[in-house]
Amino acid sequence: MYAIDPRRTETAEWADVWLGIDVGSDIALANAVGREIIAADLTDAEFIKHSTSGFDAYAEAVDSWTLQRAEEITGVPARAIRGFAHDYGEARTAQLCWTLGITEHTNATDNVLSLINLALLTGHVGRYGSGLVPIRGQNNVQGGGDMGALPNKLPGFQDVADPDLRLKFETAWGTSIPPEPGLHVAQMLDAIGSGDLTSLYVIGENPAQSEPDAKRARRLLEALDHLVVQDIFLTKTAQLAHVVLPAAVGWAESEGTVTSSERRVQRVHKAVEPPGEAKDDLEILTLLADRLGHSWGSPDAEALWNELRSLSPMHAGMSYERLDALGGLQWPCPDEDHPGTLFLHGWLWEDTLPREPAPFFVVHWVPPIDPLDDDFPIRLTTGRRLDSYNTGVQSGGYRSPLRTDAVLDMSPEQASDLDLVEGETVTVSSRRGSLDVAVRVTNGLRRGLVFMAIHAPDELDVNLLTLDAWDPKSGTAEFKATAVRISKIAEDEEVPLNRQGSSGEDPRREAPQPHEVG
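The rules we used
- Residues numbered from 1 in each chain as written.
- Predicted model: local features only at pLDDT ≥ 70, side-chain atom pairs only at ≥ 80, totals over all residues.
- Heavy atoms only, no water.
- Helix = DSSP H or I, 4+ residues; strand = E, 2+ residues; numbered from the N terminus.
- Rg over C-alpha atoms; globule rule 2.2 N^0.38 Å.
- Buried < 20%, exposed > 50% of the residue type's maximum accessible area, 1.4 Å probe, protein only.
- Contact = heavy atoms within 4.5 Å.
- Areas by Shrake-Rupley, 256 points an atom, 1.4 Å probe, with all protein chains shown as cover.
- Lys, Arg positive; Asp, Glu negative; His and termini not counted.
- Charge placed at Lys NZ, Arg CZ, Asp CG, Glu CD.
- Pairing = 2+ DSSP bridges.
- Axes fitted to C-alpha atoms, helices over the stretch in contact; angles between N-to-C directions.
- Expected span 1.5 Å × (residues − 1).
- Core = buried A, V, L, I, M, F, W, Y, C linked by side-chain atoms within 4.5 Å.
- Phe/Tyr/Trp six-rings, centres within 6.5 Å; stacked < 30°, edge-to-face > 60°.
- Lys NZ or Arg CZ within 6 Å of the ring centre and 35° of its normal.
- Patch = residues over 30% accessible without salt bridge, like charges linked within 9 Å, V, L, I, M, F, W, Y side chains within 5 Å.
- Salt bridge = Lys/Arg side-chain N within 4 Å of Asp/Glu carboxyl O.

## Concerning the overall build of the protein chain
Piece 1. Scanning the protein chain for helices and strands turns up 18 helices and 20 strands.
Piece 2. The C-alpha radius of gyration computed for the protein chain amounts to 25 Å, which stays within 12% of the reference 24 Å derived for 518 residues, consistent with globular compactness.
Piece 3. Projected onto its principal axes, the C-alpha positions of the protein chain cover 70 × 65 × 45 Å.
Piece 4. In the protein chain, buried positions account for 47% of the 518 residues.
Piece 5. Looking at the protein chain alone, contacts between residues at least 24 apart form 66% of all its contacts between residues at least 6 apart.
Piece 6. For the protein chain, the exposed area adds up to about 26,000 Å²; of that, 51% sits on carbon and sulfur atoms.
Piece 7. Taking the 44 positively charged and 80 negatively charged side chains of the protein chain as two groups, their mean positions are separated by 2 Å.

## A word on the sheet that holds strand 8 (residues 199–203)
Piece 1. The strand order across the open sheet built from three strands is 8-9-10, with neighbouring strands paired in parallel fashion. Taken across any chain shown, the strands that pair with only one partner, and hence form the sheet edges, are strand 8 and strand 10 (243–246). Direction aside, the axes of adjacent strands within the sheet are offset by 10° on average.
Piece 2. Each of strand 8, strand 9 (226–231) and strand 10 is contacted by helix 15 (residues 281–291), which is oriented at about 155° to strand 8, the strand it contacts most.

## Thoughts on helix 8 (residues 108–122)
Each full turn of the α-helix corresponds to 3.6 residues, which orients residues three or four apart in the same direction.
Piece 1. Taking 1.5 Å per residue, 15 residues should reach 21 Å; helix 8 reaches 22 Å between its end C-alpha atoms and fits that length.
Piece 2. Of all 15 residues in helix 8, 13 are buried, a share of seventy percent or more.
Piece 3. Just beyond helix 8, the residue with positive phi is Gly 123, at close to 75°.

## Side note on the nonpolar core
Piece 1. By size, the foremost hydrophobic cluster in this structure holds 39 residues, and its most contacted members are Val 33, Ile 37, Ile 81, Tyr 88, Leu 118 and Leu 121.
Piece 2. If you list the elements that add at least two residues to this core, you get helix 2 (26–39), helix 3 (45–51), helix 4 (55–62), helix 5 (67–74), helix 6 (78–90), strand 4 (95–98) and helix 8.
Piece 3. In this structure, Ile 37 is in contact with Leu 42, Thr 43, Ala 85, Tyr 88, Leu 121 and Thr 122, ignoring residues within four places of it in sequence.
Piece 4. Counting 18 residues, the second-largest nonpolar core is a separate cluster that includes Met 410, Val 426, Val 484 and Ile 486.

## Examining the packing of aromatic side chains
Piece 1. This model, assessed by the stated rule, comprises nine aromatic pairs.
Piece 2. With a centroid separation of 5.9 Å and an interplanar angle of 50°, the aromatic rings of Phe 157 and Trp 331 are classed as tilted. Here Phe 157, found in the loop between strand 6 (153–154) and strand 7 (158–159), pairs with Trp 331, found in the loop between strand 13 (329–330) and strand 14 (358–359); they are 174 residues apart in sequence, far enough to count as distant.
Piece 3. By relative accessible area, Trp 331 is classed as buried at 9%.
Piece 4. Feature note: the residues Tyr 2, Phe 84 and Tyr 88 constitute an aromatic cluster, connected by ring pairs.
Piece 5. Positioned over the ring face of Phe 451 is Arg 7, at 3.6 Å from the centre of the ring.
Piece 6. When the ring centre of Trp 331 is taken as origin, the NZ or CZ atom of Arg 263, which lies over that ring, is 5.8 Å away.

## Observations concerning a nonpolar patch on the surface
Piece 1. Among the surface-exposed residues, Tyr 201, Ile 203, Leu 285, Leu 288, Leu 292 and Trp 296 lie close enough to one another that they form a single nonpolar patch of about 580 Å² accessible area.
Piece 2. Going through the elements one at a time, strand 8 and helix 15 are the ones with two or more residues in the nonpolar patch.
Piece 3. Here Leu 288 is to be found in helix 15.
Piece 4. Overall, Leu 288 belongs to the partly exposed group, its relative accessible area being 32%.

## Thoughts on the pattern of salt bridges
Piece 1. What the rule picks out here adds up to 23 salt bridges.
Piece 2. Between Arg 216 and Asp 468 there is a salt bridge, and its shortest N-O distance comes to 3.2 Å. A residue pair is termed long-range when its members are at least 10 positions apart, and Arg 216 in helix 13 (residues 214–222) and Asp 468 in the loop between strand 19 (449–453) and strand 20 (482–488) qualify at 252 residues.
Piece 3. For Arg 216, a relative accessible area of 19% puts it in the buried group.
Piece 4. Asp 324 serves as the salt-bridge partner of Arg 267, at 3.6 Å between the closest nitrogen and oxygen. Linking Arg 267 in strand 12 (residues 264–268) with Asp 324 in helix 17 (residues 320–326), this pair joins segments that are 57 residues apart in sequence.
Piece 5. With a relative accessible area of 16%, Arg 267 lands in the buried category.
Piece 6. Shared partners join several salt bridges into a network, and the residues in it are Asp 370, Asp 373, Arg 431 and Arg 432.

All we've got here are geometric facts, nothing functional implied.
Structure, rendered in structure tokens:
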């Protein structure tokens, strides 16, 4: 097991080898690994010939990525890069697993493509024990995308720009569907700023605290003519809303399905009634449609699921009866005699390919968009800790013995360089803002890199520092590579409770629960 991470996390401590990569150098590492696999003749030449395209262009593009060049860019010793390349290339089975450290960058898509290239080089895809595994941070992230919660897709990942696919949905729904893709979150915020978007309906999201450059995000949300929030808690975003719709908890208070990152659709059964006036999302949306002059009747979750099955071929064979009896099925599952698809890309191993071969992608490394310089010489990366979810909405209301206070992690060497001690409060500044935070000294970081978690924005709003740049291909924001400086606070300077512009108190502790909000 290799762990490739700028920090020596708990996961890295379990690994056989930790490669402490510099933030934002993932493509440099992947290209060098690809070059070494080719140079050492560790490729699966038969698989490449039969199941892929574009190999020659890829091989030419990575030829300049020597182990020595990669060491200079990534900070990982050349011998360690070589060891990883040989272990991966020689392995009988191997998986590449990743999460937001790969995708929360302005070159997120290219980062993922660089990993896909390695799997295609070695044939580690579409078969037992080998594959590409994007690990989700919460359950049903996959299910949201499956149901069409993407700006360019209809349910079942059907392209909104395809007129034939659009016609199928228009016929079923009795309405026209715009052929142009919608906006992702970052584009929505830009559209609010330009005046093109004046009303927003937010369901189960907390953009007032989850988006980068949080001061700008909140200013834009406050400028909306109309903001509706549907959630289980009175989030910071809900506190800005004109209307709050208290919702049921999806995993315990409603019927439906959930989809894991291995494409397994499973049933969710209602266990308890929602409290107070809270309602299931389905009931809220149906009532809202009725108020807007569109009577949808009173469809239950199974009726809507069957409608989905009639429109999404990949879900067609997944009846509630089969999902309950089998404990779940993996899509695509085109009919009720189909067992589900164990390997999404198993077709790559068929004697006659049913579609075009899988392409290699030429991707080029570029440094992080927020550069280090004399004014901002230290790299800040942000992320999660084990006990908490995202902005803390679901996990901040209870205590955990695993929880770490809102702190700035840095290495002993960095603390010594800055003449800092454990627990000392410092000012961290980026090109967008500043905040005060206590230092925690840890051996999991190297000089030049500091870390803050994202879970307690009411105490430590990390996203006041991050920048609102995003990947033009996927729309994901840059959370992982912020340039900062760290300043000592003078002994005679009074430290404010919270330099973020609020009292530092958690509004969830005093605010009414959404079940009490009309």
